[in-house]
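Examining the three-dimensional arrangement
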Amino acid sequence: MTTAPFLSVRGLAKHYQTRGATLKILQDISFDIAKGEVVGLVGESGSGKTTIGRSVLRLIEPTSGEVVFDGTDLTGLSSGEMRRQRPRMQYIFQDPYASLSPRMTIGEILTEGLKIQKIGTKAERLQRARKALEQVELPPDAIDRYAHEFSGGQRQRIGIARALTLAPDFIVADEPVSALDVSIQAQVVNLLRDLQQRLGLTMLFISHDLAVVEYICDRVIVLYLGRIMEIATAEDLYARPQHPYTRALMSAIPSPDPTARTKRQILKGDIPSPANPPSGCVFRTRCPNALDACAATVPELREVAPGHFKACIRDDLEGSLTPPGA
Amino acid sequence: MTPEPILQIKGLRTVFRVRAREIAAVNGIDLAVHPGETVALVGESGSGKSVTSLSVMRLLARKIGSIDAGSIRFRGKDGKVKDLVALSEEEMRHIRGNDIGMVFQEPMTSLNPVYTVGDQISESLRVHRGIGKRDALEAAVGLLEKVGIPDARRRARQYPHEMSGGMRQRVTIAMALACDPTLLIADEPTTALDVTIQAQILDLMQKLQRERSMGMLFVTHNLGVVAEIAHRVVVMYAGRIVETGAVAEVFRDPRHPYTMGLLKSMPRLGTATAMKRSGEKLPAIPGMVPSLAEMPAGCAFAPRCPFAIDACRTAVPELAAVNEGHGSRCIRWQEISA
């Protein structure tokens, strides 16, 4: 790829100062997203995936690093300049109950962003809201109703419609289907994939669920304790995971096939505290393949196959670990 | 399995009172759990799976919901069979935590923040067994070791907030097992945990259950977890059992359209690339679960069912015997297959 990336994150870090400790929530995060691409951010609690999503949109201020969006470095912008960028970048939240105001009609919720941005007349704004409802396959009369009148799946569609009214070209979707029941989850995954393709959206898709990510993403970034462990195309990552953490994560997912009930690789212990992350590779304290050398230096994220990057010093593990899904 | 079941539920109906109306959240459930057996109760929000487990434990707030019909026959440690529905609150208190252990979804809410975990585990030993404080604490340390908590003696003196989510769930398991119950009821015990921690907890529960040949009633929405841990599965939809049978058979040859839909709509690792290439979509079940207050006539799943015919909308289907121990509440079970 020779064209400039649509979104480029370079050396992003986020630290929080608490009494006596610095919490290193994100360290040295760099990745690119091409126009029209869907990139997944996966990892467990505390991996920093939501912090990346929010830092990219400057909903929180990163400690250092830059976020270049379509040629503009967002980290240097004043709040007024940032506001001018906001319609292009929207956020879909996880909890369809907490993220919709109970006091506003769906029409008010869907037009609020347009109103703040002073876009269109009231009639035009409502027109846009109606179109967004149609895009998420909700009936037009939803516009005069309140959030509590809808089910979880419908509310999440409203959350998606709210992101769409501003006609963004970049969306951060933060666990958008995690709160939904399985049968509804598949509906919303299909809807998101459909909208993304039809509208040519660029998307950062945050999820703890590797199977959902595989369906919706072109490329996947695996995070652990604030650092990138592995980046690859979805196809490559699921067929040939290279990092011991990615393999362990895949192996931990219970398979809905009782005949495949195999000896799973179970990681020992808990995710360490970000106040005191392990030296060298942050995963080494739980890694089944760790060597003494892993404690010495932070492994660099290097390309091990075309477009496939991993932050692990061991290249001798090929085939020695159980492949995922086996 | 021939031995007597530990738990035998027959015709259980649990109703909620909403604005002077009675709504059945659980509508005629039959199920049995045998010693050493894990039965998974699976379904989506509103299916009645948690209300079933709360009914067994008799933990429904009386003002809101109550058992309207049916029996819950339970065989305790003393070998006597009692109908839990008929017991007084006082008698129930002797059974909960003693004969029946309980583990819930959110360990932080089932633990008391102002007592050390050692105190909380030893409490049930002191209450149910009359063991002295020092001995009970000693036993608590042993239980913490049993559930895989390193440095158990020091951990016993800690408060729940000093522990991770996975550690806390281990503590609630230690509490549930303290009095050697014959039945463990686990309601979404791994849902709030990360996958690598979930794998640890499932492994632990399986191991402890085998060692003690306890019966386990495992409530979950996750079919992957069911496949991993359960011997038999009971699939619930809108307050009724729609399919039940041995896990291997139900997953291989589901005979209810809802079970088929659930199994298909679950994304499977490593299958998406081929689907994306062919432009295939993730199979979803259209529509949503009906509200308990507005149940359709006949089969509750009919409005979402690709196989529904007119006859489905007239009467609630019976649970038909597909095979030994395998039942489906679908009038077309013979014609359909996944």
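Chain B carries the name Peptide/nickel transport system ATP-binding protein in an unreviewed UniProt entry, which gives Mycoplana azooxidifex as its organism. What the UniProt record of chain B gives under Subcellular location (unreviewed entry) is the line "Cell inner membrane". What UniProt states about chain B under its Sequence similarities (unreviewed entry) heading is, verbatim, "Belongs to the ABC transporter superfamily."

Chain A goes by Peptide/nickel transport system ATP-binding protein in an unreviewed UniProt entry, where it is assigned to Mycoplana azooxidifex. In the Subcellular location (unreviewed entry) part of its UniProt record, chain A is described as follows: "Cell inner membrane". UniProt's Sequence similarities (unreviewed entry) comment on chain A is quoted here verbatim: "Belongs to the ABC transporter superfamily."

Structural notes on the interface of chain A and chain B
Taken together, the contact pairs 43 residues of chain A with 47 residues of chain B. Across the chain A to chain B interface the summed buried area is about 3,900 Å²; carbon plus sulfur atoms make up 57%. Here chain A is connected to chain B by two salt bridges. Notably, a salt bridge pairs B:Arg277 with A:Glu235, separated by 2.5 Å at the nearest N-O pair. Linking chain A with chain B are 20 residue pairs in polar contact (both at pLDDT 80 or more), by the criterion used here. Every element with two or more residues in the side of chain A that touches chain B is listed here: α6 (182–199), α7 (210–216), α8 (234–239) and α9 (244–252) of chain A. Take the side of chain A that touches chain B: its biggest share by element is 10 residues, from α6(A). A class-by-class count of the residues in the side of chain A that touches chain B yields 22 nonpolar, nine polar and 12 charged.

A word on the nonpolar core
All names here are of chain A. Residues Ile160, Phe205 and Val220 are the most contacted members of the largest nonpolar core, which totals 66 residues. Broken down by element, the residue count for this core peaks at seven residues, all from α6. Excluding its chain neighbours within four sequence positions, the residues that come into contact with valine 220 are Gly40, Val42, Val213, Glu230, Ile231, Ala232, Ala234, Leu237 and Tyr238.

Regarding the sheet that holds strand β2 (residues 21–33) of chain B
Strand pairing in a sheet relies on backbone hydrogen bonds, with the paired strands running either antiparallel or parallel. Residues and elements named next belong to chain B. Spatial ordering of the open sheet is given by β2-β1-β4-β5, a layout of four strands whose pairing is antiparallel. Only two strands of the sheet have a single neighbouring strand rather than two, namely β2 and β5 (81–83). Neighbouring strand axes in the sheet, compared pairwise and without regard to direction, differ in orientation by 10° on average. Of the strands in this sheet, β1 (7–18), β2 and β4 (65–75) touch helix α1 (residues 49–57), which is tilted by about 110° from β1.

Regarding the pairing of strand β7 (residues 183–187) of chain B
Within a regular strand, side chains alternate between the sheet's two faces. Residues and elements named next belong to chain B. Across the five residues of β7, five count as buried, placing the element largely inside the fold. Of the two faces of β7, the one lined by Leu183, Ile185 and Asp187 and the one lined by Leu184 and Ala186 are each fully buried. Pairing analysis gives four bridges linking strand β6 (residues 100–103) to β7, with the strands arranged parallel. Residue isoleucine 100 lies in a different strand from β7, and its bridge partner there is leucine 183. Alignment of β7 against strand β8 (residues 215–220), held across five bridges, turns out to be parallel. Across the sheet, the residue bridging to alanine 186 is phenylalanine 218, located in β8.

Focus: the domain arrangement of chain B
Residues and elements named next belong to chain B. One can read the domain layout of chain B as domain 1 (7–230) and domain 2 (260–328). Put simply, the middle of domain 1 and the middle of domain 2, counted by C-alpha atoms, are 30 Å apart. With both chains or domains summed, domain 1 and domain 2 bury close to 710 Å², and 73% of this area falls on carbon and sulfur atoms. Its largest share of buried area at the contact with domain 2, domain 1 owes to Ile23, Glu44 and Leu223, together 57% of the area lost on that side. Scanning the region where domain 1 abuts domain 2 turns up zero salt bridges.

Structural notes on the packing of helix α4 (residues 117–129) of chain B against helix α5 (residues 133–146) of chain B
Residues and elements named next belong to chain B. One way to put it is that α4 packs onto α5 with a least axis distance of 8 Å and a crossing angle of 115°. In terms of orientation, α4 lies roughly perpendicular with respect to α5. The element α4 and its partner α5 pack so that their crossing is right-handed. Only Lys133, Ala136, Leu137, Ala139, Ala140, Leu143 and Leu144 of α5 make contact with α4, whose side of the interface consists of Val117, Gly118, Asp119, Ile121, Ser122, Leu125 and Arg126. Here the contact of α4 with α5 is built from residues that sort into nine nonpolar, two polar and three charged.

Structural notes on unusual backbone geometry
Residues and elements named next belong to chain B. Of note in this structure, alanine 20 is not a glycine but carries a positive phi near 65°. Structurally, alanine 20 is set in the loop between β1 and β2. Of the residues examined, alanine 20 reaches a relative accessible area of 85% and is grouped as exposed. The backbone phi angle of arginine 58 is positive, close to 55°, even though this residue is not glycine. Its place among the elements puts arginine 58 in the loop between α1 and β4.

What counts and what doesn't
- Residues numbered from 1 in each chain as written.
- Chains lettered and ligands numbered in written order.
- Predicted model: local features only at pLDDT ≥ 70, side-chain atom pairs only at ≥ 80, totals over all residues.
- Heavy atoms only, no water.
- UniProt positions renumbered as here; feature names shortened; annotations may be inferred.
- Contact = heavy atoms within 4.5 Å.
- Buried area = accessible area lost by both parts, 1.4 Å probe.
- Salt bridge = Lys/Arg side-chain N within 4 Å of Asp/Glu carboxyl O.
- Polar contact = N/O pair within 3.5 Å; in protein donor to acceptor, adjacent residues only side chain to side chain.
- Helix = DSSP H or I, 4+ residues; strand = E, 2+ residues; numbered from the N terminus.
- Nonpolar A, V, L, I, M, F, W, Y, C, P; charged D, E, K, R; others polar.
- Core = buried A, V, L, I, M, F, W, Y, C linked by side-chain atoms within 4.5 Å.
- Buried < 20%, exposed > 50% of the residue type's maximum accessible area, 1.4 Å probe, protein only.
- Pairing = 2+ DSSP bridges.
- Axes fitted to C-alpha atoms, helices over the stretch in contact; angles between N-to-C directions.
- Domains from an automatic or database assignment.
- Parallel < 35°, antiparallel > 145°, perpendicular 65-115°, else oblique.
- Left-handed = near helix turned anticlockwise from the far one by under 90°.

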